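Close look at the chain arrangement
Residues per chain are reported as follows:
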Amino acid sequence: MSALVAAYGRTADNLVAARYGDDAYAMVPKRGGGFFVAMGWHLQGHFSDWNRDNFFSHCGDVAGEDGFKAHVEEALRHKREKAALGRQSQSLRHETPWGTAQHAETYGAGIVAYSTAGHGGFHVAPKANARIHPALRATDGWYEEDRAWAAIALAFGELFTTMERKSARKTIRNAQPDAYEAIFTTTLTPGESHAKDRRAFQAANVANWIVGSAIILDERPGFTEVVASVGDQHQERRRFLIPRGEYEVGRFGFVVDPARYEELPDDAPSAFIGWRR
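I will try to describe carefully the structure that is included in this document. (Residues numbered from 1 in each chain as written. Predicted model: local features only at pLDDT ≥ 70, side-chain atom pairs only at ≥ 80, totals over all residues. Heavy atoms only, no water.)

**Some remarks on the overall build of the protein chain**
Looking only at helices and strands, one finds 6 helices and 15 strands in the protein chain. Over its C-alpha atoms the protein chain spans a radius of gyration of 24 Å, topping by over 25% the 19 Å that the globule rule assigns to 277 residues. Taken along its principal axes, the extent of the C-alpha atoms in the protein chain is 70 × 55 × 40 Å. Scored against the burial criterion, the 277 residues of the protein chain give a buried share of 38%. Taking the contacts inside the protein chain whose residues are at least 6 apart along the sequence as the reference set, 40% of them involve residues at least 24 apart. In the protein chain, 33 positive and 35 negative side-chain charges are present, and the distance between their average locations comes to 4 Å. (Helix = DSSP H or I, 4+ residues; strand = E, 2+ residues; numbered from the N terminus. Rg over C-alpha atoms; globule rule 2.2 N^0.38 Å. Buried < 20%, exposed > 50% of the residue type's maximum accessible area, 1.4 Å probe, protein only. Contact = heavy atoms within 4.5 Å. Lys, Arg positive; Asp, Glu negative; His and termini not counted. Charge placed at Lys NZ, Arg CZ, Asp CG, Glu CD.)

Structure, rendered in structure tokens:
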């Protein structure tokens with residue numbers, strides 16, 4: 001099979017685009033500045049025959065054309081490496097923790113990925129499973145496809161592409177920071193791990209009112225009605241009015257300052273159906 005080479009051009013609406021094989025990408029402007037990469041499949045014709053409507057999904061942010069081309073070349077390298085790994089696929093009905101599998105892909109001895117109608121993951125045989133780091137190891141050998149799979153890619157890097165190994169390390173860093181720090185003998189700083197940052201946010205706001213739900217008010221134009229509880233405890237809930245322009249949720253939630261924002265009494269009308277404290 002000849003090596004794939006990406007071709008670049010511009011769409012009818014002047015988006016920078018790329019194509020290789022059956023895959024196509026476009027660099028789409030974001031409202032707040034910058035760009036994101038969108039994907040298209042099996043697009044026919046020339047670049048000038050395409051427009052924004054031919055692309056979907058969100059494959060990551062890029063700063064500009066150089067970043068876009070780097071993203072495309074990384075995806076192309078991933079495709080080449082994946083083909084070279086020679087993974088074996090087959091239609092196979094097999095029971096998994098996520099239901100009956102419809103498809104299976106063998107990555108290596110004792111390592112099989114299963115796909116079901118709704119979810120999927122890997123099963124790792126006992127001998128291979130012993131190679132996975134204890135902090136990440138599943139005793140039953142099952143690893144779901146969203147996060148747990150990363151433990152396998154970390155232990156069996158030779159069976160995964162460069163992109164997959166990079167994604168696995170990022171997944172562990174964001175979802176299992178304690179394990180990541182132990183494995184790589186490092187300390188993650190603020191901004192390096194989503195889970196660790198969330199933990200810090202919760203610790204800093206353990207006694208503060210955090211919004212759990214919000215709704216725009218028709219009766220009070222310009223305000224948002226929110227329901228908040230203290231920290232991550234939900235035994236007591238209170239309602240507040242937040243000016244629309246000040247309601248910025250942030251990464252982990254909006255912190256309500258009761259001295260600044262109006263609290264609604266229990267018997268005040270509510271936009272939340274069936275409201276009760």
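That covers the picture; the talk isn't over yet.
**Topic: the pairing of strand β1 (residues 7-10)**
Note that β1 and strand β2 (residues 16-20) share 4 bridges and pair antiparallel. By the bridge assignment for β2, Y8 is matched with A18. Between β1 and β2, which pair antiparallel one after the other, the connecting turn spans 5 residues, and N14 there sits at a positive phi close to 70 degrees. (Pairing = 2+ DSSP bridges.)

**Section: helix α1 (residues 65-85)**
Compared with an ideal rise of 1.5 Å per residue, which puts 21 residues at 30 Å, α1 spans 30 Å between its outermost C-alpha atoms and is within 8% of the ideal. Taken together, the buried positions of α1 are occupied by F68, H71, V72, A75, L76 and H78. Projection of α1 onto a plane perpendicular to its axis shows the buried side chains occupying an angular sector of 150 degrees, all on one side. In α1, the exposed residues that point more than 90 degrees away from the buried face are D66 and A84. Contact partners of the buried residues in α1: β1, β2, β3 (23-29), β4 (35-41), β5 (61-62) and α4 (162-175). Note on α1: the residue one or two positions beyond its end, G86, has a positive phi of about 65 degrees. (Expected span 1.5 Å × (residues − 1). Arc of directions from axis to C-beta.)

**Quick notes on the sheet that holds β5**
If you walk across this open sheet you meet the 5 strands as β1-β2-β3-β4-β5, and the pairing is antiparallel. The open sheet is flanked by β1 and β5, the only strands paired with a single partner. Alignment of β2 against β3, held across 4 bridges, turns out to be antiparallel. Bridging across to β3, Y20 finds its partner in D23. Relative to the sheet, α1 contacts β1, β2, β3, β4 and β5, its axis offset from that of β2 by approximately 15 degrees. (Axes fitted to C-alpha atoms, helices over the stretch in contact; angles between N-to-C directions.)

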